[in-house]
Amino acid sequence: MDIGGSFYDRKAYSTCYMCACRCGIEVYVRNNKVTYIKGNDVHPTNRGVLCAKGSSGIMKEYSPARLRKPLLRVGPRGSGQFKEIEWEEALQIATQWLEEARKKGPHKIAFFTGRDQMQAINGWFAGQLGTVNWAAHGGFCSVNIAAAGLYSIGGSFWEFGEADFENTKYFMLVGVAEDHSSNPFKLGIQEMKRKGGKFVVVNPVRWGYGAVADEWVPIKPGTDGAFFLGIMHVLFKYNLVNWEFLKEYTNAPWLVIQAPGTPKDGLFYRNPEGKPMVFDKKSQSFKPADRIVPEDLEPAFIGEFTTPEGYKVRPAFDIFAERLVKDYSPEKVEKITGIPAKDIERIAKEMGTIALYHPIELPIEWTDVWGRKHKKFIGRPVSFHIMRGIASHTNGFQTARTVFVLMMMLGVVDVPGGFLNKPPYPKHIEDLPKPYKISRYDEIKYGEIYPGPHLGYPQNPDDLLVDENGNPIRIDWAYSWWFPLTAHGLIQNVIPAAYQQNPYGIEVLMIYMANMAWNSSQNIPYILEALTATDPAGNYIIPKVITIDAFYSEQVAYSDLVLPDATYLEQWFALSLLDRPPSAVDGPVDAIRHPIIDPKANGYDVMGWGDVMVELGSRLKLPGFVNPDGSRKYKDFKDFLINWQIRPGVGALAGWRGKNGDKHFVGEPNPNQLEMYLKNKGFFYYKLPENMRFYRHVNKDYQEWALSVGFIKKVAPIIFNFYLETLQTFRLAGQGLWEGKNQPPNDPILRDRLVKYFDPLPFWYPPFEEEVSGKDYPLYAFTQRPQWMYHSWDSQNAWLRQISSRNYLYMNPKTAEKLGIKHLDWVWVESRIGKVKCQVFLTNTTEPNSVWTWNAIGKMKGAWGLKPEAEEGHQGFLLNHVIPHSINIAGREIYYGDPITGHLAWFDTKVKVYKAEDQTPETYPQFEVEPLDYIKERWVEVLRYKP
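Read on for an overview of the structure. All residue numbers refer to position in the chain's written sequence, counted from 1. The predicted origin of the model limits local features to residues at a pLDDT of at least 70 and limits the giving and counting of side-chain atom pairs to 80 or more, whereas totals for whole chains, interfaces and linings rest on all residues. Side-chain calculation: all heavy atoms of the structure are included, whereas hydrogens and water are not.

1. Some remarks on the sheet that holds strand β16 (residues 312–315)
Note the following rule: For two strands to pair, DSSP has to find at least two bridges joining them. Secondary structure counts use DSSP, requiring at least four H or I residues in a row for a helix and at least two E residues in a row for a strand, with both numbered from the N terminus. We call two residues in contact whenever any of their non-hydrogen atoms come within 4.5 Å of each other. To get an axis, fit a line to the C-alpha atoms, keeping to the stretch in contact for a helix; angles then go from 0 to 180 degrees between the N-to-C directions.
Strand order in the open sheet formed by three strands is β12-β16-β15, and the pairing between neighbours is antiparallel. The open sheet is flanked by β12 (255–257) and β15 (305–306), the only strands paired with a single partner. Across the face of the sheet, helix α9 (residues 316–327) comes into contact with β12 and β16 while running at roughly 75° to β16.

2. Description of helix α22 (residues 748–757)
Selection criterion: Note on exposure labels: buried denotes an accessible area under 20% of the residue type's maximum, exposed denotes more than 50%, and partly exposed covers the range between, all computed with a 1.4 Å probe on protein chains only. Each polar contact in these results corresponds to two N or O atoms within 3.5 Å; when the atoms are within protein, one needs to be able to donate a hydrogen and the other to accept it, and residues that are neighboring in sequence are counted only if both atoms are side-chain atoms.
Along α22, the residues that are buried comprise Ile749, Leu750, Arg751, Arg753, Leu754 and Tyr757. The N-cap residue of α22 is Asp747: its side-chain oxygen and the backbone nitrogen of Ile749 are 2.9 Å apart.

3. A word on the environment of Val827
Relative to the assigned elements, Val827 resides in strand β33 (residues 826–831). Sequence separation between Val827 and Cys838 is eleven residues, and the spatial gap between their C-alpha atoms is 5.6 Å. Sequence-distant contacts of Val827, that is, excluding residues within four places in its chain, are made with Leu809, Ile821, Val836, Lys837, Cys838, Val840, Val913, Tyr914, Lys915 and Ala916.

4. Comments concerning the side chain of Ser182
Note on placement: Ser182 falls in helix α6 (residues 182–194). Beyond its immediate chain neighbours, meaning those up to four positions away, Ser182 contacts Cys21, Cys51, Lys53 and Tyr209.

5. A look at the pairing of strand β25 (residues 561–564)
The alternating pattern of β25 places Leu561 and Leu563 on one face and Val562 and Pro564 on the opposite face, and all of these are buried. Inspection of the sheet shows strand β4 (residues 71–73) paired to β25 by two bridges, in the antiparallel sense. In the strand pairing of β25, Leu71 is matched with Val562. Two strands pair when backbone bridges link them, and strand β24 (residues 544–549) and β25 are joined in this way by four bridges, in the parallel orientation. Paired with Thr547 across the strands is Val562, a residue of β25.

6. A word on the side chain of Asn519
With respect to the secondary-structure elements, Asn519 resides in the loop between β23 (508–512) and α15 (524–532). Classification of Asn519 as buried rests on a relative accessible area of 3%. Of note is the side chain of Asn519, whose polar atom sits 2.9 Å from the side chain of Asn515.

7. Some thoughts on the environment of Ser520
Position of Ser520 among the secondary structure elements: in the loop between β23 and α15. You can call Ser520 buried: its relative accessible area is 6%. For Ser520 and Ala400, which are 120 residues apart along the polypeptide, the C-alpha to C-alpha distance reads 22 Å. In this structure Ser520 touches Phe140, Asn515, Asn880 and Trp906, once residues within four positions along its chain are discounted.

8. Section: the pairing of β24
To keep it simple, the criterion reads: The path from the first strand over the helix to the second decides the hand: if it runs clockwise while the strands point away from the viewer, the crossover is right-handed.
Summarising burial for β24: five of the six residues are buried, a large majority. The pairing of β23 with β24 spans five bridges and is parallel. Within the sheet, the bridge partner assigned to Val508 lies in β24 and is Lys544. The handedness of the β23 to β24 crossover, carried by α15, is right-handed.

9. Concerning the nonpolar core
Under the convention used in this document: Residues grouped as a nonpolar core are buried Ala, Val, Leu, Ile, Met, Phe, Trp, Tyr and Cys residues, joined through side-chain atoms within 4.5 Å.
Grouped together as the largest cluster of nonpolar side chains are 300 residues, with contacts concentrated most on Met172, Phe384 and Trp609. The element best represented in this core is helix α13 (residues 396–410), accounting for ten residues. When residues no more than four places from it in sequence are discounted, the contact partners of Met172 are Val200, Val202, Phe227, Phe228, Ile347, Met351, Ser383, Phe384 and His385. Leu779, Ala781, Ile821 and Phe877 belong to the second-largest nonpolar core, a separate cluster that totals 18 residues.

10. Some points on the packing of aromatic side chains
Geometrically, a pair of aromatic rings is defined through the distance of the ring centres and the angle of the planes. The test is simple: In summary, the pairing rule links any two rings of Phe, Tyr or Trp, Trp by its six-membered ring, whose centres are within 6.5 Å, and it sorts them by plane angle into stacked for under 30 degrees, edge-to-face for over 60 and tilted for everything else.
Per the stated rule, a full pass over the model turns up 83 aromatic pairs. A centroid spacing of 5.7 Å and a plane angle of 35° characterise the contact between Phe317 and Phe722, whose relative ring orientation is tilted. With Phe317 in helix α9 and Phe722 in the loop between α20 (700–708) and α21 (725–734), this residue pair connects regions lying 405 residues apart in the sequence. In terms of burial, Phe317 and Phe722 fall into one category: buried. When the centroid spacing of 5.5 Å and the interplanar angle of 80° are considered together, the rings of Trp477 and Tyr895 count as edge-to-face.

11. What about the pattern of salt bridges?
Stated precisely, the cut-off is as follows: Any carboxyl oxygen of Asp or Glu that lies within 4 Å of a side-chain nitrogen of Lys or Arg is treated as forming a salt bridge with it.
For the structure shown, the criterion picks out 59 salt bridges. Its salt-bridge partner being Lys11, residue Glu26 comes within 3.7 Å of it at the nearest N-O pair. Of this pair, Glu26 sits in strand β2 (residues 24–30) while Lys11 sits in strand β1 (residues 10–15), and the two are 15 residues apart along the sequence. Among the ionic pairs, Arg102 bridges to Glu99, the shortest N-O distance being 2.8 Å. Of the two residues, Arg102 and Glu99 are both situated in helix α3 (residues 87–104); the distance of three residues between them amounts to about one turn of the helix. Relative accessible area serves as the criterion here: at 19%, Glu99 is assigned to the buried category. Each of the salt bridges in this network shares a partner with another, and the network as a whole consists of Lys198, Glu215, Lys342, Asp343, Arg346 and Glu350.

12. Overview of unusual backbone geometry
Cis geometry is found at the peptide bond from Asn502 to Pro503, where omega equals 20°. The phi angle at Asn31 is positive, at roughly 55°, despite the residue not being glycine. Classification of Asn31 as exposed rests on a relative accessible area of 62%.

13. Regarding the packing of α3 against helix α17 (residues 609–619)
Our working rule: Small angles under 35 degrees read as roughly parallel and large ones over 145 as roughly antiparallel, with 65 to 115 read as roughly perpendicular and the rest as oblique. A clockwise turn of the near helix away from the far one marks a right-handed crossing, whereas an anticlockwise turn of less than a right angle marks a left-handed crossing. Classification used: nonpolar for Ala, Val, Leu, Ile, Met, Phe, Trp, Tyr, Cys and Pro, charged for Asp, Glu, Lys and Arg, polar for all others including Gly.
Direction vectors running N to C along α3 and α17 enclose 55°, while the axes themselves pass 10 Å from each other. Classified by the angle their axes make, α3 and α17 are oblique. Crossing geometry of α3 relative to α17 is assigned as right-handed. For the pair formed by α3 and α17, the contact residues are Trp87, Glu88, Leu91, Gln92, Ala94, Thr95 and Leu98 on the first element and Val612, Glu615, Leu616 and Arg619 on the second. Looking at the contact of α3 with α17 residue by residue, the classes come out as six nonpolar, two polar and three charged.

14. Comments concerning the environment of Gly603
Relative to the helices and strands, Gly603 resides in the loop between β27 (589–593) and α17. Overall, Gly603 belongs to the exposed group, its relative accessible area being 51%. In this structure, the C-alpha to C-alpha distance between Gly603 and Ile749, residues 146 residues apart in sequence, is 57 Å.

15. Let's talk about the sheet that holds strand β3 (residues 33–39)
Strand order in the open sheet formed by three strands is β1-β2-β3, and the pairing between neighbours is antiparallel. Two strands close off the open sheet at either side, each with one partner strand: β1 and β3. Neighbour-to-neighbour, the strand axes of this sheet turn through a mean angle of 30°, independent of strand direction. Here six bridges tie β1 to β2, and the two strands are oriented antiparallel to one another.

16. A few points about α6
Here is the rule we go by: For a helix, the expected span equals 1.5 Å multiplied by the residue count minus one.
With 13 residues, α6 extends 18 Å between its outermost C-alpha atoms, agreeing within 8% with the 18 Å of an ideal straight helix rising 1.5 Å per residue. The complete set of buried residues in α6 reads Ser182, Asn183, Pro184, Phe185, Leu187, Gly188, Ile189 and Met192. In the core, the buried residues of α6 are packed alongside α1 (52–55), β8 (161–163), β9 (170–174), β10 (198–202) and β21 (382–386). Positioned one or two residues after α6, Gly196 has a phi angle of 95°, which is positive.

17. Some thoughts on the packing of helix α4 (residues 119–129) against α17
Running from amino to carboxyl end, α4 crosses α17 at an angle of 20°, the nearest separation of the two axes being 11 Å. The angle between α4 and α17 places the two elements in the roughly parallel class. Between α4 and α17 the crossing geometry is left-handed. Of the residues in α17, those touching α4 at Ile121, Asn122 and Phe125 are Trp609, Met613 and Gly617. Split by residue class, the contact of α4 with α17 holds four nonpolar, two polar and no charged.

18. Some details on the state of the cysteines
Formally: The disulfide criterion used throughout: a pair of cysteine sulfur atoms within 2.5 Å.
All told, the structure shown has zero disulfides when counted by the stated rule. The thiol of Cys19 is not disulfide-bonded; the next cysteine sulfur, from Cys21, is found 4.9 Å away. With relative accessibility at 8%, the residue Cys19 sits in the buried group. Left without a disulfide partner, Cys23 is nearest to the cysteine sulfur of Cys21, which lies 3.8 Å away.

So, in structure tokens, the structure goes:
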């Protein structure tokens, strides 16, 4: 599309930051003002397509909520009383606070980051501070999906992989919010449907993507695991199982020891060399599983066998098949999910028939890691995508596991038409990183670094971060016995844990790009209490709060020092392969953002977080930021991005490395690297040869290349974990049978959790709230994000506010009729911890057991630059007020999360809804903060864009 020359004097290419999709954009500028933003036609992520959010990035630049200088609190925390200070003073204060905390112990600093997309660098910075207490947003977003996928297949959905839309014939979307992967999904669903593919949405709500679905399956929240187990029951019943895939690429035929009450129970039967074994039906003998392909074994999937040592053993699949037959018939699953048994059977037959009897073949020669040469790729054109609706339950990890096991049964992992990993995935499961092990929270002393990684994937109890008594080492309880396989950390637990000083108190809480005082926490009245609570001497229990943000959010209002961030059009930024990268399924991609607009010329004395990080690191003399003589190593963040290396030859960006820019992925720093990115329209894209694009878990050519660039550590088959032995090691620990060093406390509640939920094969159990709330709170309540907003980022965006400046509680008309509620009535929504008043909107697009709303539209009055009469503060509401942050289990208050990963169980919430006596159009509860004076000066009758 041609843009009129008079409308701009220059244009630049960058990466969008209006959500997490990371689309390529063209930004048009005139007189240092953004005049237009469009999609980058050649970017592999969005191919020129841009959504409402991306196009409205202009109004983020000119938001009335923008901060213009650093702020220092002068009134009570939460009052909104600040004074503006200069950057030098702000940096001195931050340096002093961090230095004082480090001297008391680096763990006294908790640095937690939201959807920052620069997590490798932020984690490294936290390590330089020496604190173990760092994590990003995953604990309340999708850690169950990521962890279940990486433990199961060495990859996962979202940043890790997606459907092969070009070839799939049956695509099922489950529990996906409307803004997730917005532009790529629009393109993919369009392409699939134009080719005649079927699109099925499984969700309590039919909005967004569901509007163009061929079939909507209105499932009861928290029951998706039972639904997929019912699907697998039918597949097994009708032999719609890809046995060859299970045999060669999974551990489904591996033999599991049946020895209850012993330390071997539930572990794989291994030979003296430690190799897992199968029972070969051809030779009627036990053989190492790694010989299945080379020796053309025929491993048994069903049966019980006795080993020479006298062990009773069964194939992992046999144990699972018994479970499917016994517990998950369509008739039983119908009672759990509300989905008719005939539909469960039909859907299973549809996907099974397409996968097994309608394969696709691509005539591309390739070689597997065993040396076999193939003349074609065989594809199974059934694909899935799952997200937070699966993850955000106390049964979320096991539910996600059901999907990955189903994908193995159909043989649709990394094959044409199925799910495809995005490089650098898949990874060898046994080589996944583990959090760096320390045995005491104060083990890292002042001046030392925490070597990292902070985050990772424990393989057994000895990988946990617990002390000799089994107590958590991290402030958020991540990688503890309560939440062992945390993977991404538990950002939602930081404020409650620091308030309760359990496991210890902290000195400085530093929050970057996370609105923890409002929409990114649950039970908001409690969170605000925690942020403002004082000890008997009048000192805040959480002594110092530093927030880095570009806008006057609720979190900013409850901070002591505010460092105003630049917008995404005003700073350098790396979208790195070291993080969850913006790769395409056919090759790795990374990208940059860069200063297109000069904020100071527009009156904003702000600094991008990268530059602030370099300043703080240099002033604190952190090891990674200074030379041996103590001089600063990096001039600014641009210099950092060019010269920083996580290991020799590997830095933030993979493209154009080497002194001359002639190397990719591995090479010494290139002083002109960023300029080369700019010449290539802001991104680097390495498109893999055709013979490397599929079966990457066993593709020899791909793995040799991936090894050469550091994506993997060896060339070997990635065997998928149909049976997840790691979970069984924790179950043994709960039984007192684990023979390792770390042992759980002698706490019957904790040990029961380990035994009950750490099943190595997926199963379904009711969300915890079912038992706690019971019939008193009959409706499931949850939030999701609209396609036109992302978290609270866009609450201040004038263009997007015109789409929705308030939200409703959506309810099925049949449900409303039973409750005596009419369309647009004001109602109370009450959970076991509190209630909110809001307006109801009746729609048949919501299943009858559920009520829901849009997230983050309801606002605290005075925040986000909104005028006092703004609908967001009066008629918009926040469901988080009634979402519990803890649950009482046998008399113990425990953080409300999945017992395996700790993922926040947003969507477990149960409520009752009833008509309010007072129909005044005003929501409740309401909280208020004083706006900054200069924000008040920006209030006008109508907010317009003025180029």
